[in-house]
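A structural walkthrough
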Amino acid sequence: QVQLVESGGGLVQPGGSLRLSCAASGSIFSINAMAWYRQAPGKQRELVAGIFSDGSTNYPDSVKGRFTISRDNAKNTVYLQMNSLKPEDTAVYYCNADILNVELGRYLEHWGQGTLVTVSS
């Protein structure tokens, strides 16, 4: 059974930094794209950052220049470095990964349980 487990959330003051981690465990043979999403109260879940197996990345304008996504393929882990945090970054952050299911012969989407990030003074 494949699992994604996030860590690193918490309370931080505006202008501060946090680093989120997400480790995939279980029968992992191949991971394609990995990403971070977030969902603020009363809002839809939105993409924060994505990284493909070749290392290419994409970010929405709202976090570009402040957030950096990276991955360690040997550890099946994706990270999100968040700098210059703003109160509007407050949300539950979810890890997402496309992981190969050998039995089905295709990649399936998996989600973590989420970690809360609160930006407040």
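Our focus in this paragraph is the environment of Y93. Structurally, the position occupied by Y93 is in strand β9 (residues 91-101). With relative accessibility at 0%, the residue Y93 sits in the buried group. For the pair Y93 and S25, spaced 68 residues apart in the sequence, the C-alpha separation amounts to 19 Å. Not counting chain neighbours up to four residues away, the residues in contact with Y93 comprise E6, L20, W36, Y37, R38, V48, F67, L80, M82, G114, T115 and V117. In this structure the side chain of Y93 is engaged in a polar contact, spanning 3.0 Å, whose partner is the side chain of R38.

On to the pattern of salt bridges, then. The final tally for this structure, using the stated rule, is 4 salt bridges. Across the pair D89 and R38 runs a salt bridge, and its minimum N-O distance is 2.9 Å. Of this pair, D89 sits in the loop between β8 (77-82) and β9 while R38 sits in strand β4 (residues 31-39), placing them 51 residues apart in sequence. With a relative accessible area of 0%, D89 lands in the buried category. The class for R38 is buried, based on a relative accessible area of 7%.

With that settled, the discussion passes to the side chain of E6. Position of E6 among the secondary structure elements: in strand β1 (residues 3-7). R45 provides the closest opposite charge to the buried, salt-bridge-free E6, at an N-O distance of 7.7 Å. Engagement of the side chain of E6 in a polar contact is seen with the backbone nitrogen of Q113, the distance being 3.0 Å. Side-chain polar atoms of E6 contact the backbone nitrogen of G114, separated by 2.8 Å. The residues touching E6, leaving out its near neighbours within four places in the chain, are S21, C22, W36, Y93, Y94, C95, G112, Q113, G114 and T115.

Basis of the calculations
- Residues numbered from 1 in each chain as written.
- Predicted model: local features only at pLDDT ≥ 70, side-chain atom pairs only at ≥ 80, totals over all residues.
- Heavy atoms only, no water.
- Helix = DSSP H or I, 4+ residues; strand = E, 2+ residues; numbered from the N terminus.
- Buried < 20%, exposed > 50% of the residue type's maximum accessible area, 1.4 Å probe, protein only.
- Contact = heavy atoms within 4.5 Å.
- Polar contact = N/O pair within 3.5 Å; in protein donor to acceptor, adjacent residues only side chain to side chain.
- Salt bridge = Lys/Arg side-chain N within 4 Å of Asp/Glu carboxyl O.
- Lys, Arg positive; Asp, Glu negative; His and termini not counted.

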